[in-house]
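# Geometric and topological summary
Listed here are the chains, written in short residue letters.
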Amino acid sequence: QVQLVESGGGLVQAGGSLRLSCAASGRSFSSGAMGWFRQAPGKEREFVAAISISTLYANSVKGRFTISRDNAENTVFLQMNSLKPEDTSVYYCAARALGVATASMRGYEYWGRGTQVTVSS
């Protein structure tokens, strides 16, 4: 059974940093892609960043967020710097076994349950 478990969320002041982690188990995603999406209350889930042989970022987080992965540990990270109140959301990890990084939710087969990130002003 494949599981994606996010961690690292929390409450931080504007301008601060957080590092999210997503540990995958049940299969390897080293040949595929892993990504992060987020969903704020009353809004649709949106793409944040993804990584395979290359990386993709949403325009809203470029220059502030960095995605990385450790294939040996089957883990993906999201370093979030210069956080803004509008970054407040539940952050979800997603993974696909094969293929390159994509910003489309439909491109991912597996999802985590999410971790809350709250940025206070």
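Data block above holds the structure.
Residues numbered from 1 in each chain as written. Predicted model: local features only at pLDDT ≥ 70, side-chain atom pairs only at ≥ 80, totals over all residues. Heavy atoms only, no water.

### Some remarks on the overall build of the protein chain
Helix and strand content of the protein chain: zero helices and eleven strands. What you see for the protein chain is a C-alpha radius of gyration of 13 Å, in line with the 14 Å of a compact globule of 121 residues. Seen through its C-alpha atoms, the protein chain measures out along the principal axes to roughly 40 × 25 × 25 Å. Looking at the 121 residues of the protein chain, the share that counts as buried comes to 45%. Partitioning the contacts of the protein chain with sequence separation of at least 6, the portion at a separation of at least 24 is 61%. About 6200 Å² of surface is accessible on the protein chain, with carbon and sulfur atoms providing 47% of the total. Looking at charge distribution, the protein chain has the averaged site of its 12 positive side-chain charges lying 3 Å from that of its 8 negative ones. (Helix = DSSP H or I, 4+ residues; strand = E, 2+ residues; numbered from the N terminus. Rg over C-alpha atoms; globule rule 2.2 N^0.38 Å. Buried < 20%, exposed > 50% of the residue type's maximum accessible area, 1.4 Å probe, protein only. Contact = heavy atoms within 4.5 Å. Areas by Shrake-Rupley, 256 points an atom, 1.4 Å probe, with all protein chains shown as cover. Lys, Arg positive; Asp, Glu negative; His and termini not counted. Charge placed at Lys NZ, Arg CZ, Asp CG, Glu CD.)

### Topic: the pairing of strand β7 (residues 65–70)
Burial along β7 is one-sided: the residues Phe65, Ile67 and Arg69 are buried and none of Thr66, Ser68 and Asp70 is. Across six bridges, β7 lies against strand β8 (residues 75–80) in antiparallel orientation. Its bridge partner lying in β8, Ile67 is registered against Leu78. Where β7 folds back onto β8 in an antiparallel hairpin, the turn is made up of four residues, including Asn74, whose phi is positive at roughly 55 degrees. (Pairing = 2+ DSSP bridges.)

### Section: the pattern of salt bridges
Taken as a whole, this structure holds three salt bridges when the rule is applied. Two residues, Arg38 and Glu46, come together in a salt bridge whose shortest N-O distance is 2.7 Å. For Glu46, a relative accessible area of 37% puts it in the partly exposed group. The closest approach of N and O atoms between Arg64 and Asp87, which form a salt bridge, is 2.7 Å. With Arg64 in the loop between β6 (55–57) and β7 and Asp87 in the loop between β8 and β9 (89–96), the pair connects residues that are 23 residues apart, well separated along the chain. Like Arg64, the residue Asp87 is buried in the burial classification. (Salt bridge = Lys/Arg side-chain N within 4 Å of Asp/Glu carboxyl O.)

### Things to note about the nonpolar core
Counting 32 residues, the largest nonpolar core has Met34, Trp36, Leu78, Met80 and Tyr91 as its most contacted members. Of all the secondary structure elements, the ones that give two or more residues to this core are β3 (18–25), β4 (33–39), β5 (46–51), β7, β8, β9 and β11 (115–120). Broken down by element, this core gets its largest block of residues, five residues, from β5. Setting aside residues no more than four positions away along its own chain, Met80 makes contact with Gly16, Ser17, Leu18, Leu20, Arg64, Phe65, Tyr91 and Val117. (Core = buried A, V, L, I, M, F, W, Y, C linked by side-chain atoms within 4.5 Å.)

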